[in-house]
Amino acid sequence: MFHIFQYQPLRLITQNSLSSMCLKLMLSRPVAFAQIWKSWLSSHSLLGKKNIILMGPPGAGKTTTGRIVGQKLDCPVIDIDDDVLETTWNMSVSEKLQDVGYEEFLEEEGKALLKFSASGSVISLSGSNPMHAAGMQHIKKNGIVVYLDVPTTVIMRRLKSKQMDRIVGLSPGISLKDILQFRKQFYKRWFDIRVLCGGDVAAEVVAEKVLDAVKRYQDSELETFISTRSSSTARSTEEDSHKLYFSDVVIQGLALDGGLFVPERGLPKFTAEEWQGLIEATYIERAQVILEKCIHPADIPASKLAEIIETAYGENFSCSKVAPVRHLAGNQFLLELFHGPTASFKDFALQLMPHLFAYCIPRSCNYLILVATSGDTGSAVLDGFSRLRDADKQRIALVNFFPEDGVSPIQKSQMIGCQKENAWSVGVKSDFDFCQTAIKQIFTNSDFTGFLTVEYGTALAAANSINWARLLPQIVYHASAYLDLIHQGIISFGSPVDICIPTGNFGNMLAAFYAKMMGIPIRKCICASNENNVLTEFIRTGVYDLRGRKLISSFSPAVDILKSSNLERYLHLIGNEDGQLVTQLFNQLENQGHFQLQKDLLGKLQQDLVAGWCSDEDCLAAIHSVYSTTGYILDTHTAVAKVVADRLQDRTCPIIISSTAHYSKFAPAILRALRIAEINQNPLSQLHLLSSYSALPPIHWGLLETLKKTGNGDHQVCAADISVLMSHIETLIQNHFMKVF
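- An unreviewed UniProt entry lists the protein under the name Threonine synthase-like 1, with Lonchura striata as the source organism.
- Reading the Sequence similarities (unreviewed entry) entry of the UniProt record for the protein gives the comment "Belongs to the threonine synthase family."
- Taken directly from UniProt, the Cofactor (unreviewed entry) text for the protein runs: "pyridoxal 5'-phosphate".

In structure tokens form, the structure reads like this:
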């Protein structure tokens, strides 16, 4: 068997003589001693007996990077091609490939890997090693596999310049690009850490990235979460036992002090080269790269995260691009976020979040998810949690509260129709703000939550955008939209864009701002409100004032919101993470119905955000105008954003308008905008009428099927009383979990 162990001559020295040598060096040359000691500690704390295993396609720079990493860690460096395969075979790799052929070569290569072992080393794999499962399982047992992820176009350019002739699998009729694409599935299967390597990044820079990535992998302590309402003094005195990680905040949802969770050290930043490396990537590949950097592998390993993302976005979206960007007119582009199973942008988070949640929760407890919705969240969360495995559905249930008379008829039909054996919808005789506030109060009612845990072994969790796992996936599509504009040749990287979003609870807007913080060149985030324009007035004046305001029912019900929950996260960010300030502001809002930002904070806010609002009449007029000129039908929320974008954009750069829902969900308003005189009240008939227009985009497939199967169905309705909601929750727990167990 081929063994390589770290050379450690100090083992030959007795403990006493070693101590004596160290003491002499420390006294005579303290600086040299400090440098040697620091280097020794760095190498041994980072590696120990583990290996760093570099994996990637031919031309990724594994060998050169491995040598630099080995030098920095002062440890052995092993190149599998040169030091193992050619030594074992006594011939070059290209000669072996020519001698035995493609399939036999892979088997022989795998056998050599199975006989190899090392400790405390940096190992550079061959490009084809990951294609042999048994060999990779063997070598991974004692190592951290680092995937050097280089764009395919860069690899092809490098290989062409080097005139490499030993690419395993290359033959007439099979292109190099096909081989590289085929191999990605194997690289994704085995890696623990991904390091993005752009086209012109020096090997020294890649080596530093590898070391940083390994340090991150081994230290999850750096990626903790805090509440928006916790003070810096309280955080500095917290014991380690109180630290919260990604899996904790996914489960807990809302902080115990009523605040929202945010990463203590902020979100990761991508370099321009790293973003450019994703231009050719698919949506799923972009999501994997971005979310890997935001979710520590100690919470969800990269391979499991990739599996979850594939499940969420693979077959559940009707468009292969998942979130395509379509040119509308002039410098305006639509980000179509309605190709998921329930026809709204909420599907992006809620096809993913249930699987994250199921992975993170302990197996010893049942969980009831509480959701408040102003429309689109309800059907999306019901659909998402209904796609869990049967075993997970037995321990995870969901109740969706929505304003009984505050959503569109099709939205209501959809929420009722999406009910499953572990998921229910409850109409509340009030508005969305009551539903959302009630859920927050239930979460912070320790007597009630404690009772549920003791009596029924059931904990409560949240799936609204107050849950960090709901917000995180939304960052991906804002970043992806920018990359798509580059891919389409509209802009080059670094060119600014504006983004306009119909805004209610501020989650979608916050996700765009987070994308900007991570390195996407977004210039202005434009908030578009309907006649419930509290948020617009706040952005313009710094005064958040609910006094005397009543919710107005509109044609864009998803933004019929007066209290924007995720605004708290944004104010925490621009307020230098001052939890005391955030607590003061939102306590004042709760108790007095208003608060006002200080002048300096308002200045920061207005550097990032601009806002406008749109009446129902202008909304319908925009739908009619766009359809008349382009043949494209906007939904009512997208129309609100279109009107505001027309008013506020300065036309010096492209503007991406978030199309947050499919127009099919708001058929009565759309038919009215198209000036149809008589409108049948049956939702299914309305969709059939719309389909006769042969407009773009076509009628949503999932929505049509849901309405065909379910009709109106049954659901529970309750009074606007928190005690009544709590009673419903207890009854649902009894009916579901007690039957299961």
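Points about the overall build of the protein
Piece 1. Secondary structure summary: the protein contains 34 helices and 22 strands in total.
Piece 2. Relative to its length of 741 residues, the protein is compact, with a C-alpha radius of gyration of 28 Å against a globular reference of 27 Å.
Piece 3. When the backbone C-alpha atoms are referred to their principal axes, the protein occupies close to 85 × 60 × 55 Å.
Piece 4. Counting every position in the protein, which comprises 741 residues, the buried fraction comes to 58%.

A short note on the domain arrangement of the protein
Piece 1. Examined at the domain level, the protein breaks down into domain 1 (51-218), domain 2 (272-340 + 469-662) and domain 3 (366-456 + 715-735).
Piece 2. Centre-to-centre, using C-alpha coordinates, domain 1 lies 49 Å away from domain 3.

Structural notes on the packing of aromatic side chains
Piece 1. Under the criterion given, the structure shown has 24 aromatic pairs.
Piece 2. With a centroid separation of 5.6 Å and 45° between ring planes, the pair formed by tyrosine 147 and phenylalanine 191 is classed as tilted. With tyrosine 147 in strand β6 (residues 143-149) and phenylalanine 191 in the loop between α9 (176-190) and β7 (193-196), this pair connects stretches of sequence that are 44 residues apart. One exposure class covers both tyrosine 147 and phenylalanine 191, and it is buried.
Piece 3. Considering the side-chain rings of tyrosine 313 and phenylalanine 348, the 6.1 Å spacing of their centres and the 40° angle between planes classify their relative orientation as tilted. Here tyrosine 313 is found in helix α15 (residues 302-313), whereas its partner phenylalanine 348 is found in helix α16 (residues 346-350), with 35 residues between them in sequence.
Piece 4. Accessibility expressed as a relative area gives 2% for tyrosine 313, which makes it buried.

Structural notes on the environment of proline 263
Piece 1. Mapped onto the secondary structure, proline 263 falls in strand β9 (residues 261-263).
Piece 2. Considered as a pair, proline 263 and glycine 199 are 64 residues apart in the sequence and their alpha carbons are 31 Å apart.
Piece 3. Residues within four places of proline 263 in sequence aside, it is in contact with Thr224, Phe225 and Trp468.

Observations concerning helix α6 (residues 102-114)
Piece 1. With 13 residues, α6 ought to run about 18 Å at 1.5 Å a step, and its terminal C-alpha atoms sit 19 Å apart, in line with that.
Piece 2. For α6, the full list of buried residues reads Phe105, Leu106, Glu109, Gly110, Ala112 and Leu113. Here the buried residues of α6 occupy an arc of 160° about the axis, which is enough to place them on one side.
Piece 3. In the core, the buried residues of α6 are packed alongside α4 (80-89), α5 (93-100), β4 (116-119) and α7 (133-140).

What to know about the packing of α6 against α7
Piece 1. α7 packs onto α6 with a crossing angle of 20° between their chain directions and a minimal axis gap of 8 Å. As the angle between them shows, α6 and α7 are arranged roughly parallel. α7 is crossed by α6, and the crossing has left-handed handedness. Two secondary-structure elements touch here, α6 through Gly110, Leu113 and Leu114 and α7 through Ala134, Gly135, Met136, His138 and Ile139.
Piece 2. Among the residues forming the contact of α6 with α7, the class breakdown is 5 nonpolar, 3 polar and no charged.

Notes on the side chain of lysine 96
Piece 1. Relative to the helices and strands, lysine 96 resides in helix α5.
Piece 2. Although buried, lysine 96 forms no salt bridge, and the nearest oppositely charged side chain, glutamate 108, lies 4.2 Å from it.
Piece 3. In this structure lysine 96 touches Trp89, Met91, Gly101, Phe105 and Glu108, once residues within four positions along its chain are discounted.

Thresholds, definitions, all that
Residue positions are given per chain, counting from 1 as you read along its sequence in written order. Local features are withheld for residues below a pLDDT of 70 in this predicted model, meaning they are given only at 70 or higher, and side-chain atom pairs are given and counted only at 80 or more; totals for whole chains, interfaces and linings count all residues. Excluded from the side-chain calculation are hydrogens and water; included are all heavy atoms of the structure. UniProt positions are given in the numbering used here, feature names are shortened, and annotations may be inferred rather than shown by experiment. The helix count covers DSSP runs of H or I at least four residues long, the strand count covers runs of E at least two residues long, and both are numbered beginning at the N terminus. In this treatment the radius of gyration is a C-alpha quantity, and the globule benchmark scales as 2.2 Å times the residue count to the 0.38 power. Three exposure classes are used, based on accessible area relative to the maximum for each residue type with a 1.4 Å probe and protein chains only: buried under 20%, partly exposed in between, and exposed over 50%. Domain start and stop positions are those given by an automatic or database domain assignment. Any pair of Phe, Tyr and Trp rings, taking the six-membered ring for Trp, is counted once the centres come within 6.5 Å. Such a pair is stacked with planes under 30 degrees apart, edge-to-face with planes over 60 apart, and tilted for the rest. Residue contacts are defined here by distance: any two heavy atoms, one from each residue, within 4.5 Å place the two residues in contact. In this scheme, a helix's expected span is set at 1.5 Å multiplied by one less than its residue total. Throughout, the arc means that of the directions going from the helix axis to the C-beta atoms. The angle between two axes is taken between their N-to-C directions and runs from 0 to 180 degrees, where each axis is a line fitted to C-alpha atoms and a helix contributes only its stretch in contact. Put simply, angles under 35 degrees are roughly parallel, angles over 145 are roughly antiparallel, angles from 65 to 115 are roughly perpendicular, and the rest are oblique. When the near helix sits turned anticlockwise from the far one by under a right angle, the crossing is termed left-handed; a clockwise turn instead gives a right-handed crossing. Each residue gets one label: Ala, Val, Leu, Ile, Met, Phe, Trp, Tyr, Cys and Pro are nonpolar, Asp, Glu, Lys and Arg are charged, and the others, such as Gly, are polar. Only four residue types enter the charge count: Lys and Arg as positive, Asp and Glu as negative, with His and the chain ends excluded. Salt bridges are counted wherever a side-chain nitrogen of Lys or Arg sits within 4 Å of a carboxyl oxygen of Asp or Glu.

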